Amino acid sequence: MKKSISDFRLPRYDEIANVGLYLEQVVKYINIYLRPLGQVEITASMISNYVKQKLVEAPVKKQYYAEHIARFILIAIMKLVVTLDDIRLMFNIQRMGYEFKMSYDYFCDEFENRLKYAFGLIEVPEKLGTTVSDAKELMDVGISTAVNKIYLDKYISSFREMTEKTAEH
């Protein structure tokens, strides 16, 4: 399980292609990053639904840019543990106190930090961010919950594989 997570890294906001990608390109781009997490993935219909529900702004001439992609990554991970309405609320709370780029980069740093801790790759999670706010607290709790869900899913999957291999022999 550790091996699948050891090199995991989400793209930071400034690293995301901001050249305008079409829907299928966005799906492939995001899923390359999410694949190590296991069951976390995004589909074209999910993206269309997020736009339709106004969680993410509509594409510009059918092309998606950095902020679209960053929001899709965040949604794909957080929807493991909260509803789309709750994600909308989280976005609204975030808007009141922080610019999206800063929030997204913090999300990436903290998510990777907690993921490495959960999978035993580091002994103690780093202390990230000194700000105290409802938006940060809400994000931290969401990240912890998503990381625990990913860990549980991978643990069960790993255990299931071991059990099947044992049964074959």
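Residues numbered from 1 in each chain as written. Predicted model: local features only at pLDDT ≥ 70, side-chain atom pairs only at ≥ 80, totals over all residues. Heavy atoms only, no water.

Asker: Would you mind showing me how to read the overall build of the protein here?
Answerer: When helices and strands are counted, the protein shows seven helices and zero strands. In the protein, the succession of α and β elements from N to C terminus is α-α-α-α-α-α-α. Relative to the globule expectation of 15 Å for 169 residues, the C-alpha radius of gyration of the protein, 17 Å, shows essentially globular dimensions. Residues classed as buried in the protein amount to 42% of the 169 residues present. Taking as baseline every contact in the protein between residues at least 6 positions apart, the subset at least 24 positions apart corresponds to 72%. (Helix = DSSP H or I, 4+ residues; strand = E, 2+ residues; numbered from the N terminus. Rg over C-alpha atoms; globule rule 2.2 N^0.38 Å. Buried < 20%, exposed > 50% of the residue type's maximum accessible area, 1.4 Å probe, protein only. Contact = heavy atoms within 4.5 Å.)

Asker: What's the story with the packing of aromatic side chains in this structure? I'm lost.
Answerer: To describe a pair of aromatic rings, one takes the distance between the centres and the angle between the planes. Following the criterion strictly, the structure yields 10 aromatic pairs and no others. Seen from their ring centres, Phe 8 and Phe 111 are 6.0 Å apart, and the 70° between their planes marks the pair as edge-to-face. Pair noted here: Phe 8 is in the loop between α1 (2–6) and α2 (23–34) and Phe 111 is in helix α6 (residues 100–118), with a separation of 103 residues, a long-range link. When its relative accessible area of 4% is taken as the criterion, Phe 8 is described as buried. Here Phe 111 falls in the buried class, since its relative accessible area comes to 0%. Among the aromatic side chains, those forming a connected cluster through ring pairs are Tyr 13, Phe 91, Phe 100 and Tyr 104. In this arrangement the basic side chain of Arg 71 is found over the ring face of Phe 91, its NZ or CZ atom lying 4.6 Å from the centre. The ring of Phe 100 is capped by Arg 71, whose NZ or CZ atom sits 3.9 Å from the centre of that ring. (Phe/Tyr/Trp six-rings, centres within 6.5 Å; stacked < 30°, edge-to-face > 60°. Lys NZ or Arg CZ within 6 Å of the ring centre and 35° of its normal.)

Asker: Even after reading the chapter, I still don't get helix α3 (residues 44–52), so can you show me in this structure?
Answerer: It helps to recall that an α-helix has 3.6 residues per turn; residues three or four apart then point in one direction. Listed in full, the buried residues belonging to α3 are Ala 44, Met 46, Ile 47, Tyr 50 and Val 51. Projected onto a plane normal to the axis of α3, the buried residues spread over an arc of 165° and lie on a single side. Residues Ser 45 and Lys 52 are exposed on α3 and point more than 90 degrees away from its buried face. Along its buried surface, α3 packs onto α2, α4 (66–78) and α5 (84–97). Downstream of α3 by one or two residues, Lys 54 has phi in the positive range, about 65°. (Arc of directions from axis to C-beta.)

Asker: Is there a simple way to explain α4 in this structure?
Answerer: With 13 residues, α4 extends 18 Å between its outermost C-alpha atoms, agreeing within 8% with the 18 Å of an ideal straight helix rising 1.5 Å per residue. Counting buried residues along α4, 12 of its 13 residues qualify, which places the element largely inside the surrounding structure. Regarding α4, the residues found buried are Ala 66, His 68, Ile 69, Ala 70, Arg 71, Phe 72, Ile 73, Leu 74, Ile 75, Ala 76, Ile 77 and Met 78. Where α4 is buried, its residues touch α2, α3, α5, α6 and α7 (134–168). (Expected span 1.5 Å × (residues − 1).)

Asker: Which parts of the structure should I look at to understand the packing of α2 against α3?
Answerer: For any two helices packed against each other, the geometry is given by the interaxial angle and the distance between the axes. Where α2 contacts α3, the axes come no closer than 9 Å and their chain directions differ by 110°. Our classification of the angle between α2 and α3 gives roughly perpendicular. In contact with Leu 23, Glu 24, Val 26 and Val 27 of α2, α3 contributes Ala 44, Ile 47 and Ser 48. (Axes fitted to C-alpha atoms, helices over the stretch in contact; angles between N-to-C directions. Parallel < 35°, antiparallel > 145°, perpendicular 65-115°, else oblique.)

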